[in-house]
Amino acid sequence: MQKDLLKLLDLSSEDINQILNTADQLKYSQKHGIDHHFLKGKTLAMIFEKNSTRTRVSFEVGIYQLGGYGLYLSGKESQIGRGEPIEDTARVLERYCDGIMIRTFSQEGVEKLAKYARIPVINGLTDFCHPCQVLADLMTVREYKAVLEGLKLCYIGDGNNMANSLIVGGLKCGMEVAVACPEGYDPDPVVLEFAKSDPSFKFSLHRAPKDAAVGADVVFTDVWASMGMEAEREQRKHDFQGYCVDADLMALTNPGCMVQHCLPAHKGEEITAEVFEAHAQEIFDEAENRLHAQKAVMYLLMKDKEE
Ligand code: CP
Ligand code: NVA
């Protein structure tokens, strides 16, 4: 395992498997009251330059359950919001803390933070990717389906941070990945290049949602306008017409097909309320698994090295 979790492209399939197995064990320990204060006395700085409910709560509760402490830093209220350079922030926080979680806009900023900080840096979402979410997603699908290899993962909607991480995570776990995006909203070129890089990868990019959904074992979707893209909301609403996960689309999938959504959801846009409610158990299990997957990431990255 590397020092940081910056993007799933940096992880091997074995790393992902190790995180998922550790997450399962930590979930078991938490549910059965088994002590798992593996990060006693450790502190995680949590920098948020975008809104959050799940990421903030699951990291803060997660580090607490591991015996440590989570320190919330608002991008706006800290000196980061007044332009203190990221490389200086990195070299300050490493003097006080044992790890940093950051949610921000630019992937380059997160990579720079990790370069300058000698402590682990965890990406809690950038415009490019959302690795912690997708680790929780893979954990959830594996919980329901027992295996990931050979399953078909379908993603409908914007080729955004979620799409990028799902493509990389799904392919690294041996899943078939089929994506449907409107023209002009494709996933990142680096990710599309990765999807082409190994002849064993089964990846397809479609324009018609039904072409991606046929035979799917799990359907993912996400908002049409991500954080930071609010100004494009009306244009996107227009451009994404027809990219809604509805009952007709679900009728094309395999029996027992799951639906996952990282949340928050805009019901009536990317997913109907009917499909959302029919799959609410799976979707809120997915939200819960953020806690367990991130505890695994924190444990593996922040534990004392001699352990
Ligand atoms: N899925 C997710 O990251 O949720 P938050 O934006 O609430 O953290
Ligand atoms: N794509 C969404 C994910 C939110 C968890 C966003 O970036 O806003």
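Everything discussed here concerns the structure shown above.
Everything quoted here is computed from the prediction, not taken from an experiment.

1. Considerations on the packing of helix 3 (residues 86-96) against helix 4 (residues 107-116)
Argument step 1. One way to put it is that helix 3 packs onto helix 4 with a least axis distance of 8 Å and a crossing angle of 45°. In terms of their interaxial angle, helix 3 and helix 4 are classed as oblique. Like other packed secondary-structure pairs, helix 3 and helix 4 cross with a definite hand, here right-handed. Residues I86, E87, A90, R91 and E94 of helix 3 lie in contact with helix 4, whose contacting residues are G109, K112, L113 and Y116.
Argument step 2. Here the contact of helix 3 with helix 4 is built from residues that sort into 4 nonpolar, 1 polar and 4 charged.

2. Focus: the site of ligand 1
Argument step 1. The full set of residues close to ligand 1 is S52, T53, R54, T55, R103, H130, Q133, C262, L263 and R290.
Argument step 2. Taking T53, its main chain carries an N or O atom lying 2.7 Å from an oxygen atom of ligand 1.
Argument step 3. Within the backbone of L263, one N or O atom sits 3.0 Å away from a nitrogen atom of ligand 1.
Argument step 4. Protein burial of ligand 1: of its 260 Å² of free accessible surface, 96% is covered by the chains.
Argument step 5. Within the shell around ligand 1, the residues separate by chemical class into 2 nonpolar, 5 polar and 3 charged.

3. Focus: unusual backbone geometry
Argument step 1. Cis peptide bonds are those with omega within 30 degrees of zero, and the linkage from L263 to P264 qualifies with 0°.
Argument step 2. We note that A146 has phi near 75°; this positive angle belongs to a residue other than glycine.
Argument step 3. With a phi close to 70°, L263 is a non-glycine residue in the positive phi region.

4. A closer look at the site of ligand 2
Argument step 1. Every residue near ligand 2 is listed here: L125, H130, N160, N161, D222, V223, S226, M227, C262 and L263.
Argument step 2. In the environment of ligand 2, a nitrogen atom lies 3.4 Å from a nitrogen or oxygen atom belonging to the side chain of N160.
Argument step 3. At 2.8 Å, a side-chain N or O of N161 approaches an oxygen atom of ligand 2.
Argument step 4. A breakdown of the residues in the shell around ligand 2 according to their chemical character gives 5 nonpolar, 4 polar and 1 charged.

5. Concerning the sheet that holds strand 8 (residues 218-221)
Argument step 1. Taken in spatial order, the 5 strands make up an open sheet running 7-6-5-8-9, and their pairing is parallel. At either margin of the open sheet sits one strand with a lone partner, and together these are strand 7 (202-206) and strand 9 (258-261). Taken pair by pair, the neighbouring strands of this sheet meet at an average axis angle of 20°, ignoring direction.
Argument step 2. Here strand 6 (residues 176-180) runs beside strand 7; their pairing, made up of 5 bridges, is parallel. If you follow E176 over to strand 7, its bridge partner there is K202.

6. A few points about the nonpolar core
Argument step 1. By size, the foremost hydrophobic cluster in this structure holds 57 residues, and its most contacted members are L5, I122 and M298.
Argument step 2. Examining the composition of this core, we find that 8 residues originate from one element, helix 12 (residues 280-302), more than from any other.
Argument step 3. When neighbours within four sequence positions are excluded, I122 is seen to be in contact with L5, F59, I100, M101, I102, C132, V297, M298 and L301.
Argument step 4. Membership of the second largest hydrophobic core comes to 22 residues, among which are Y185, A216, V219 and V275.

7. Some words on helix 3
Argument step 1. Taken as a whole, helix 3 has its buried residues at I86, E87, T89, A90, L93 and E94. Mapping the buried residues of helix 3 onto a view down its axis gives an arc of 155°, with all of them on the same face. For helix 3, exposure combined with an orientation more than 90 degrees from the buried face picks out R95 and Y96.

8. Some points on the pattern of salt bridges
Argument step 1. By the definition in use, this model includes 20 salt bridges.
Argument step 2. In this structure, the salt-bridge partner of K50 is D127, at a minimum N-O distance of 2.6 Å. With K50 in the loop between strand 1 (43-48) and helix 2 (54-65) and D127 in the loop between strand 4 (121-123) and helix 5 (131-145), the pair connects residues that are 77 residues apart, well separated along the chain.
Argument step 3. Classification of K50 by relative accessible area gives buried; the value is 7%.
Argument step 4. Look at D127 and you get partly exposed, because its relative accessible area is 38%.

Scoring rules and cut-offs
Residues numbered from 1 in each chain as written. Chains lettered and ligands numbered in written order. Predicted model: local features only at pLDDT ≥ 70, side-chain atom pairs only at ≥ 80, totals over all residues. Heavy atoms only, no water. Axes fitted to C-alpha atoms, helices over the stretch in contact; angles between N-to-C directions. Helix = DSSP H or I, 4+ residues; strand = E, 2+ residues; numbered from the N terminus. Parallel < 35°, antiparallel > 145°, perpendicular 65-115°, else oblique. Left-handed = near helix turned anticlockwise from the far one by under 90°. Contact = heavy atoms within 4.5 Å. Nonpolar A, V, L, I, M, F, W, Y, C, P; charged D, E, K, R; others polar. Near = heavy atom within 4 Å. Polar contact = N/O pair within 3.5 Å; in protein donor to acceptor, adjacent residues only side chain to side chain. Areas by Shrake-Rupley, 256 points an atom, 1.4 Å probe, with all protein chains shown as cover. Pairing = 2+ DSSP bridges. Core = buried A, V, L, I, M, F, W, Y, C linked by side-chain atoms within 4.5 Å. Buried < 20%, exposed > 50% of the residue type's maximum accessible area, 1.4 Å probe, protein only. Arc of directions from axis to C-beta. Salt bridge = Lys/Arg side-chain N within 4 Å of Asp/Glu carboxyl O.

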